[in-house]
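Chain by chain, the residues:
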Amino acid sequence: MKEKESKKTIYVPDIAKITRIEEVTPTEKLFNIVFEEPKKQEEFSFKPGQFVELTVFGVGEAPFSITSNPNNKEYFQLCIRNIGNVSGALHRMKEGSKVGIRGPFGNGYFPYEKMKNHNVLIIAGGLGLAPLMSLIRYILDSRDDYKEIMIIYGAVNPASILYKEDIGEWCKRDDIRVCLTVDNPDDKWTGEIGVCTNLIPRVDFPPEDTKVVVCGPPVMYKYVVQELEKKEFAPEDVYLSLERRMECGVGKCNHCHIGNKLSCVDGPVFSLWEIKNLKEAI
Amino acid sequence: MLYKILPRDSYQSFVENLIRNFDFIGPKRKDKATHEFTKITSFGELDLSYKKTTIPPAKQILFPSTEEIVEYRREDNSIEFRPVVEHSLKLLFGVHSCDINAINFLDKVFSTDFSDDNYLSKRRNMVIIGTDCEPRETCFCLAMGKEYVTAGFDLFLSELTNRYFVRVATSQGNKLIEKYASGISSAGEKDFKEYNEKIGDFRKKFKLSPDAKSFYDNFDLIYNDEEFWKKVAKNCFSCGSCCLVCPTCFCFNVRDEIELNLKEGKRIREWDSCMIPEYGLVAGGHNFRPTKENRLKQRYQCKLKTFVDKFNTYACVGCGRCIETCLANISIASDIDSVRKEVTV
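Here the structure is a predicted model, which is why all the values come from computation and not from measurement. (Residues numbered from 1 in each chain as written. Chains lettered and ligands numbered in written order. Predicted model: local features only at pLDDT ≥ 70, side-chain atom pairs only at ≥ 80, totals over all residues. Heavy atoms only, no water.)

Caption draft 1: Structural detail: the overall build of chain B. Assigned secondary structure in chain B consists of 12 helices and 12 strands. Taking 2.2 N^0.38 as the reference for a compact globule, 345 residues should give roughly 20 Å; the C-alpha atoms of chain B span a radius of gyration of 22 Å, in line with that estimate. Here chain B holds 345 residues, and the buried ones make up 55% of them. In chain B, once contacts between residues fewer than 6 apart in sequence are set aside, the share between residues at least 24 apart is 73%. When the accessible surface of chain B is split by element, carbon and sulfur atoms take 48% of a total near 15,300 Å². For chain B, the distance from the average position of its 52 positive side-chain charges to the average position of its 50 negative side-chain charges is 3 Å. (Helix = DSSP H or I, 4+ residues; strand = E, 2+ residues; numbered from the N terminus. Rg over C-alpha atoms; globule rule 2.2 N^0.38 Å. Buried < 20%, exposed > 50% of the residue type's maximum accessible area, 1.4 Å probe, protein only. Contact = heavy atoms within 4.5 Å. Areas by Shrake-Rupley, 256 points an atom, 1.4 Å probe, with all protein chains shown as cover. Lys, Arg positive; Asp, Glu negative; His and termini not counted. Charge placed at Lys NZ, Arg CZ, Asp CG, Glu CD.)

Caption draft 2: Focus on the overall build of chain A. Scanning chain A from N- to C-terminus turns up six helices and 16 strands. Projected onto its principal axes, the C-alpha positions of chain A cover 65 × 45 × 35 Å. By the burial criterion, 59% of the 282 residues in chain A qualify as buried. Counting 37 positive and 41 negative side-chain charges, chain A places the centres of these two groups 5 Å from one another.

Caption draft 3: Just the interface of chain A and chain B, in detail. Contact residues are listed per partner, giving 46 residues for chain A and 57 residues for chain B. Interface of chain A and chain B: buried area, both sides summed, is about 4,800 Å²; carbon and sulfur atoms make up 58% of it. One can count three salt bridges joining chain A with chain B. The closest approach of N and O atoms between Glu280 of chain A and Arg289 of chain B, which form a salt bridge, is 2.9 Å. Counting across the interface, chain A meets chain B through 22 residue pairs in polar contact (both at pLDDT 80 or more). Counting residues per element, the ones that place at least two in the side of chain A that touches chain B are strand S1 (2-4), strand S4 (51-56), strand S5 (60-65) and strand S7 (98-105) of chain A. Within the side of chain A that touches chain B, the residues separate by chemical class into 17 nonpolar, 14 polar and 15 charged. (Buried area = accessible area lost by both parts, 1.4 Å probe. Salt bridge = Lys/Arg side-chain N within 4 Å of Asp/Glu carboxyl O. Polar contact = N/O pair within 3.5 Å; in protein donor to acceptor, adjacent residues only side chain to side chain. Nonpolar A, V, L, I, M, F, W, Y, C, P; charged D, E, K, R; others polar.)

Caption draft 4: Inspection of the sheet that holds strand S2 (residues 14-23) of chain A at higher detail. Residue and element names in this part refer to chain A. Strand order in the open sheet formed by six strands is S5-S4-S7-S2-S3-S6, and the pairing between neighbours is antiparallel. This sheet does not close on itself; its edge strands, each paired only once, are S5 and strand S6 (76-81). For this sheet, the mean inter-axis angle between neighbouring strands, taken without regard to orientation, is 40°. Where S4 and S5 come together, six bridges link them in antiparallel fashion. When the bridges of S5 are listed, Val56 appears paired with Gly60. (Pairing = 2+ DSSP bridges. Axes fitted to C-alpha atoms, helices over the stretch in contact; angles between N-to-C directions.)

Caption draft 5: Fine view of the sheet that holds strand S10 (residues 185-186) of chain B. All names here are of chain B. Strand order in the open sheet formed by eight strands is S3-S2-S6-S7-S8-S9-S1-S10, with mixed pairing between adjacent strands. Strands at the two margins of the open sheet, each flanked by one partner only, are strand S3 (35-39) and S10. Note: strand S2 (residues 24-29) against strand S6 (residues 90-95), two bridges, orientation parallel. Bridge assignment links Phe24 to a residue of S6, and that residue is Leu91. Sitting on the sheet, helix H1 (residues 8-21) touches strand S1 (2-7), S2, S6, strand S7 (126-131), strand S8 (155-160) and strand S9 (163-168), and the angle it makes with S1 is about 105°.

Caption draft 6: Structural context of the nonpolar core. In this structure, Leu121, Ile122, Ile123, Ile152, Val214 and Leu228 of chain A are the most contacted members of the largest nonpolar core, which totals 62 residues. With nine residues, helix H4 (residues 129-141) of chain A is the single largest residue contributor to this core. Excluding residues within four positions of it along the chain, Leu228 of chain A makes contact with Leu121, Ile123, Ile200, Val212, Val214, Phe233 and Val238 of chain A. Within the second largest apolar cluster, 50 residues are counted, among which are Val250 of chain A together with Val70, Cys302 and Ala315 of chain B. (Core = buried A, V, L, I, M, F, W, Y, C linked by side-chain atoms within 4.5 Å.)

Caption draft 7: Molecular detail of the pairing of strand S3 (residues 28-35) of chain A. Residue and element names in this part refer to chain A. When you tally the buried positions in S3, you get seven out of eight residues, the bulk of the element. Pairing analysis gives seven bridges linking S2 to S3, with the strands arranged antiparallel. Residue Ile21 lies in a different strand from S3, and its bridge partner there is Phe31. Connecting S2 to the next strand, S3, in antiparallel fashion are four residues. In terms of strand pairing, S3 meets S6 through six bridges, oriented antiparallel. When the sheet's bridge partners are listed, Ile33 is paired in S6 with Phe76.

Caption draft 8: Expanded view of the environment of Ser241 of chain B. Residue position: Ser241 of chain B is located in helix H9 (residues 241-245). Taking the C-alpha atoms as reference, Ser241 of chain B lies 43 Å from Asn77 of chain B; in sequence the two are 164 residues apart.

Caption draft 9: Spotlight on the packing of aromatic side chains. Residues and elements named next belong to chain B. Considering all chains together, one arrives at 36 aromatic pairs over all chains under this definition. Here Phe110 and Phe250 contribute two aromatic rings whose centre-to-centre distance is 6.4 Å and whose plane-to-plane angle is 75°, an arrangement assigned as edge-to-face. Placement of the pair is Phe110 in helix H3 (residues 97-111) and Phe250 in the loop between H9 and strand S11 (252-258), with a sequence separation of 140 residues. Note on accessibility: Phe110 and Phe250 belong to one class, buried. (Phe/Tyr/Trp six-rings, centres within 6.5 Å; stacked < 30°, edge-to-face > 60°.)

And the structure:
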């Protein structure tokens, strides 16, 4: 007996509408999303580093980190690279289209509470800036709660730099230090060249008074961690967002497991100490 | 737990009553060599002499190989999603201890963190009656501590001389036996004595005894020994058969199917296997476990370490199905011991 129940299960998405699409690079677009039901939109709250599962009707579902400010209650934003089935379909969609949303998921988020009254070092590689944007926007809302803030961001080339407007704004402020670097510069590039790991030796924050957050492609973590360890940051003070394949987002399908942890429910943000001896973590 | 005695004379009528009153699933001979759990309509079809079914008895009901979990419908620009949950009452008869222990494991998986109603609604509506078994050459449940089960069933029948020793674990089980069986009495000293002897003898019959406890710590030491893992995984075809027959494997993929009218669709989950290369592949082409050594190593970690940390239990019940099914003759039981040998030598 199969029943179509009125009771929702963990696999049933809520309907939401894409209210705005902005192309930010040749491969990335920003999507502003609002739940169809006003009450759901009102109740929807998330923490920096959490993700949602997004359904494109007839194509499937995939996990995406939220990039918008948790203080923004009007909509939430995803930054999506055109690279898979669902993301490809999303890139073909127009403003006003409907999608399905489950979430927010992830019990491990960027622990902004612990960062208060400390220096904050943010290290982003490529699309890894997207989930970190949520944190950056959030802590800039209450800038006085934090000591110095430094953002290191490495992109493949100048054209792939995300959030150029925001970065421009940060550069104008004297209470944030921004270090940009690209692997492949073009003729006009006058900034740093190389991977973001190269810039870590320049960090002069005292390790005992600093929290570090890292997000980037899988290959990046090992090298970033090596550099951070040279600087003697405590593993408890370093937070990494670990991407894995996810099918369900709710700790059932097991694809995102890293040893005895699941990226979807235990992460996606882990402290370096938590994963220190977890095989395959970084 | 209540302990009761069912006279042999009443056994057939008890089972027949259950067949009449329930959607009764039990072991039936399929061909000369194999049995399967399927719908039983008469007492004669039931064959409890089975040693092991290829597909675990409960998994195909509680967590079928493909299962619709959501259906959706689009009209113009509106979309509607609806959950699909199945929950008809089923009675599963003749399940062995290892397989009940495996159900108990799956219960934990599907109820931890988030409740999975697709699994749990079926589980809540499943009556389980266990029966005892004879170990086969590939059985090593004793080594995994899964040869005996104390929960997860309603009734458990152990055959003694001219009677059955019945362990009653739930009030539902108690009602069944009171309503459908005649001549029931409480178990006494003599019954317990014979039962204990029977269990003692049963435990002596196992040939495989891998030392799973030693794996837990030694795994850490041997983890980066690439040569060792190459040797272990040398013959693996990455076919995933071990996961398909495993009573505790629960990994699944989710995919969408849409009707040709482009208006209705459904979301389906289907069994996946961590032995298949695509398991760790993400959009963009990065694979977190690109080699078969990576994958077999992680399967052993999942079975013997991960869930000891998480649920304080092995995710392997020692049923030996993967050993019998593997085309490359890979045996988790011998590999457990290879880890120990490699480390102690």
